Amino acid sequence: MSYNVKAAIIGGTGLYSLDGMELIEEIHPDTPWGKPSDKIKIGKYKGKLIAFLPRHGIGHFLSPSEVPNHANICALKQLGVEEIIAFSSVGSLREEIKPLDFVLPSQVIDRTRHRNSTYFGNGVVVHAPFAEPFSANLAKRIEATAKKIGLEIHTDKTLICMEGPLFSTKAESHLYRSWGADVINMTVFPEAKLAREAEIAYQMICMSTDYDCWREGEESVTLEMVVANLGKNAETAKRLLAELIHVIGNGDDLTLKNSTKYSIVTAPEKRNPETVKKLKALFPEYF
């Protein structure tokens, strides 16, 4: 891949395309971890070169546990991506976060159980910091842009990620609230962890569709309820992106650059050659 795309958008449920993007090429590359969710659209939006990837594939044929996150992040890294904005539909665990509200989480809790959340292991051990799972620099730019277009956006919230594909039980929903979680989804992991390992600044924008099932007197969350709000949220997301794209991918947050290099603990002579071969696709300068 010969492109040098600095910014990427990962579209969540309901956001499968970007209106107004001048398409240059669609690619579906092979990576050591397989192919991405779907074709990556490379194009220009108001003069800015960007990449757009639908997380669940066009037509939504991948469940949260089936998303090929390793291939997705690797393919974007190979394109030159330095910043990712990822959209996701979420359930609200707080009264003040209403359906159709947008949320910028700053913290996450991992409740997934069946997902490989690292590029490493199998003979190459890495322990990278993850205290701050999102890019505060990128979040500030998103918040400023939201204010510019008159979009209220909740900030500094905690996102909890469950395995799915079923929604929460009431007991689980109340438990997550007691832990301090504000919104819930099924897709931030391992996407955020892999972006961290790949040294890509990452921020998720959450779009509330429902009140999960904790709220007394509220109908338990159903697919029909979620779908009813997806279209409205997608339109709001596109309106936000229209103003946001020119302020991303400009080299504003390169704090992760070279960070993974210093998190590798396995001695060079002990590294598994097969694992090293795969990792060269992400870090040709490290291995």
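Details of the structure are given in the entry above.
The notes below deal with the structure included here.

Conventions we followed
Residues numbered from 1 in each chain as written. Predicted model: local features only at pLDDT ≥ 70, side-chain atom pairs only at ≥ 80, totals over all residues. Heavy atoms only, no water. Salt bridge = Lys/Arg side-chain N within 4 Å of Asp/Glu carboxyl O. Helix = DSSP H or I, 4+ residues; strand = E, 2+ residues; numbered from the N terminus. Buried < 20%, exposed > 50% of the residue type's maximum accessible area, 1.4 Å probe, protein only. Disulfide = S-S within 2.5 Å. Lys, Arg positive; Asp, Glu negative; His and termini not counted. Polar contact = N/O pair within 3.5 Å; in protein donor to acceptor, adjacent residues only side chain to side chain. Contact = heavy atoms within 4.5 Å.

**Some points on the pattern of salt bridges**
The final tally for this structure, using the stated rule, is 13 salt bridges. Among the salt bridges present, the one from Glu95 reaches Arg215, with a minimum N-O distance of 2.5 Å. Of this pair, Glu95 sits in the loop between strand S5 (83-92) and strand S6 (102-111) while Arg215 sits in the loop between strand S9 (201-210) and helix H5 (223-244), and the two are 120 residues apart along the sequence. Between Lys193 and Asp110 there is a salt bridge, with its nearest N and O atoms 3.0 Å apart. Here the residue Lys193 occupies a position in helix H4 (residues 191-197), and Asp110 occupies one in strand S6, the gap between them amounting to 83 residues. For Lys193, a relative accessible area of 22% translates into the label partly exposed. We classify Asp110 as partly exposed; its relative accessible area is 30%. One network of salt bridges, in which partners are shared, links Glu83, Arg141 and Asp252.

**Let's talk about the state of the cysteines**
By definition, a disulfide is the covalent link that joins the sulfur atoms of two cysteine residues. Under the definition given, this model contains zero disulfides. The thiol sulfur of Cys206 is not disulfide-bonded, and the nearest other cysteine sulfur, from Cys161, lies at 10 Å. Of all cysteine sulfurs, the one in Cys161 lies closest to Cys213, which takes part in no disulfide; the gap is 16 Å. For Cys213, a relative accessible area of 5% puts it in the buried group.

**What to know about unusual backbone geometry**
For the peptide bond that leads from Gly164 to Pro165, omega is 0°, which places it in the cis range. The backbone of Lys46 shows a phi angle near 50°, a positive value even though the residue is not glycine. Note that Lys46 resides in the loop between strand S3 (40-45) and strand S4 (48-54).

**Side note on the side chain of Asp38**
With respect to the helices and strands, Asp38 occurs in the loop between strand S2 (22-27) and S3. Of the side chains with opposite charge, Lys39 lies nearest to the buried Asp38, which makes no salt bridge, at 6.5 Å. Of the polar contacts made by the side chain of Asp38, one reaches the backbone nitrogen of Ile58; its length is 2.8 Å. Here Asp38 is in contact with Ile27, His28, Leu53, Pro54, Gly57, Ile58 and Phe61, once residues within four sequence places are set aside.

These results come straight from atomic positions and should not be treated as a statement about function.
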